[in-house]
Amino acid sequence: MATDKELSDFLKSTEKRAFKRTAYAVRDEDAALDIVQDAMIRLAEKYADRPLAEMPLIFNRILSNATMDWFRRQKVRHSVLQNFSDLEPADGADSFDLLELLESADGAAAIPGPAEHLSREQTLALIDQAVAELPARQREAFLLRYWEELDTAETALVMGVTEGSVKTHCSRAVHALATALAAKGLKP
Amino acid sequence: MSSLHDTRRAELEALEARFALRVAGRLGERAQALPHDLSERLRVGREHALQRARRLRQADAALAEAPQWVAQGRSAAAQGPSWGLRLASAAPLVMLVLGLVFIQHLHRQAEIRAAADVDAALLADDLPPEAYGDPGFVAFLKQPEP
């Protein structure tokens, strides 16, 4: 069972990522804050007796459900789902060399950065924008898997999809991001 | 052939993971630099959630320590009223309906008695009842007394 302090520390460590993830999805900061607070209340009230190790999975699941509830309340879910399919790129549409991008990014520490004309803040903002522009399911899989550091099975559980689907979404998200960042002359 | 394919697949996945973790790192940097008002609102939200959870736990703890009858009372309240209580609640309504039926019965009996009294008075009178059907007698009754 998580103690009060452990629960508080856990929420503190995850709240900003949770907010950003939700804001990407709902594109409304106030709504994102409400959703995150609602998820925190649900976690604290109903799952505070669960082991600390289970908290990330439970919290992310609650957050995803709360976000979906928000969409249902807004009665725009159908249009969002429509947008998902509109934004899905066709297979093989992206043509870039991930290895090349990574290798040049590795070398970026020693030589002037690829975004030498941009400030660091601008670079981060462009990466943020590229993530925000990902199709929703790809973005969710990507953020859960690599930002929240859930494993494939946990990500699948939170998203309510198969592990294979998570891998596909993540792979597409990575390729889409690499293409978008390369187009802007950026390397992460 | 299959082994070569698996190796390439594993290499690609490793590359994707490296790239993804690098992007996630940048996102983390940006998330940590959220505007102050957003950070504060998140902090207030977190504290509110924790406070609610604390109050809930305190209420549960108080219930666990309360005398048995309090717990039973609360559990009974949670389960809803018993059948006896429900019947007792319905008793006034049943009494009201029975009272209305009884009053209607009394009213009907009073009407019958009044009609019987009129009939008896008419039959016992010297004037025969047929006289009231006679137009001449009716005209006589309407005449002003001298």
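Asks: Can you help me understand the overall build of chain B in this one?
Replies: Helix and strand content of chain B: 5 helices and 0 strands. In sequence order, the secondary structure elements of chain B are arranged as α-α-α-α-α. Put simply, chain B has 146 residues, and 9% of those count as buried.

Asks: How should the overall build of chain A be read in this particular structure?
Replies: Helix and strand content of chain A: 9 helices and 0 strands. In chain A, the order of α-helices and β-strands from amino to carboxyl end is α-α-α-α-α-α-α-α-α. With 188 residues in all, chain A has 38% of them scored as buried. Within chain A, residue pairs in contact and separated by at least 24 positions form 66% of the contacts whose partners lie at least 6 positions apart.

Asks: Explanation requested: the interface of chain B and chain A in the structure shown.
Replies: How large an interface is tends to be reported as the accessible area lost when its parts come together. The partner chain A presents 36 residues to the 29 residues of chain B that form the contact. If you list the elements that add at least two residues to the side of chain B that touches chain A, you get helix H1 (2–32) and helix H2 (36–65) of chain B. Looking at which element gives the most residues to the side of chain B that touches chain A, the answer is H1(B), with 16 residues.

Asks: Is there a simple way to explain unusual backbone geometry in this structure?
Replies: What is expected of a backbone is that most residues other than glycine have negative phi and most peptide bonds are trans. Residue and element names in this part refer to chain A. Phi is positive for Arg27, close to 55°, though the residue is something other than glycine. Its location among the elements puts Arg27 in the loop between helix H1 (4–26) and helix H2 (29–46). We note that Glu149 has phi near 60°; this positive angle belongs to a residue other than glycine. With respect to the secondary-structure elements, Glu149 resides in the loop between helix H7 (136–147) and helix H8 (152–159). You can call Glu149 exposed: it has 12 C-beta atoms within 10 Å.

Asks: For this particular structure, what's the right way to read the packing of H1(A) against helix H3 (residues 55–74) of chain A?
Replies: Two quantities define a packed helix pair, namely the angle between the axes and the distance from one axis to the other. Residues and elements named next belong to chain A. It is at 11 Å that the axes of H1 and H3 come closest, and there the two elements cross at 30°. Taken together, the axes of H1 and H3 are roughly parallel relative to one another. By crossing handedness, the relation of H1 to H3 is classed as right-handed. Contact residues: Phe10, Thr14, Ala18, Thr22, Ala25 and Val26 in H1; Met55, Phe59, Leu63, Thr67 and Trp70 in H3.

Asks: Any chance you could explain helix H9 (residues 163–183) of chain A here in plain terms?
Replies: For an α-helix the count is 3.6 residues per turn, leaving residues at separations of three or four pointing the same way. All names here are of chain A. The terminal C-alpha atoms of H9, which comprises 21 residues, lie 30 Å apart, in line with the 30 Å expected from a rise of 1.5 Å per residue. Among the residues of H9, Val166, His169, Cys170, Arg172, Ala173, Val174, His175, Ala176, Leu177, Ala178 and Leu181 are the ones counted as buried. Among the residues trailing H9, Gly185 stands out with phi positive, at a value near 75°.

So, how was this worked out
Residue positions are given per chain, counting from 1 as you read along its sequence in written order. Whichever chain is written first becomes A and whichever ligand is written first becomes 1, with later ones labelled in order. Given that this is a predicted model, residues contribute local features only at a pLDDT of at least 70 and side-chain atom pairs are listed and counted only at 80 or more, while totals for whole chains, interfaces and linings are drawn from all residues. A run of H or I in DSSP counts as a helix once it spans at least four residues, and a run of E counts as a strand once it spans at least two, with each numbered from the N terminus. Any residue surrounded by 20 or more other C-beta atoms within 10 Å of its C-beta is treated as buried, while 12 or fewer makes it exposed and the intermediate range makes it partly exposed; C-beta atoms here are placed from the backbone. Contacts are defined on C-beta atoms placed from the backbone: any two residues whose C-beta positions lie within 7 Å are in contact. Axes here mean lines fitted to C-alpha atoms, for a helix over just the part in contact, with angles spanning 0 to 180 degrees between N-to-C directions. Each angle receives one of four descriptions, namely roughly parallel if under 35 degrees, roughly antiparallel if over 145, roughly perpendicular if within 65 to 115, and oblique otherwise. Crossings are classed by handedness, with left-handed meaning an anticlockwise turn of the near helix from the far one by less than a right angle and right-handed meaning a clockwise turn. Each residue after the first adds 1.5 Å to the expected span of a helix.

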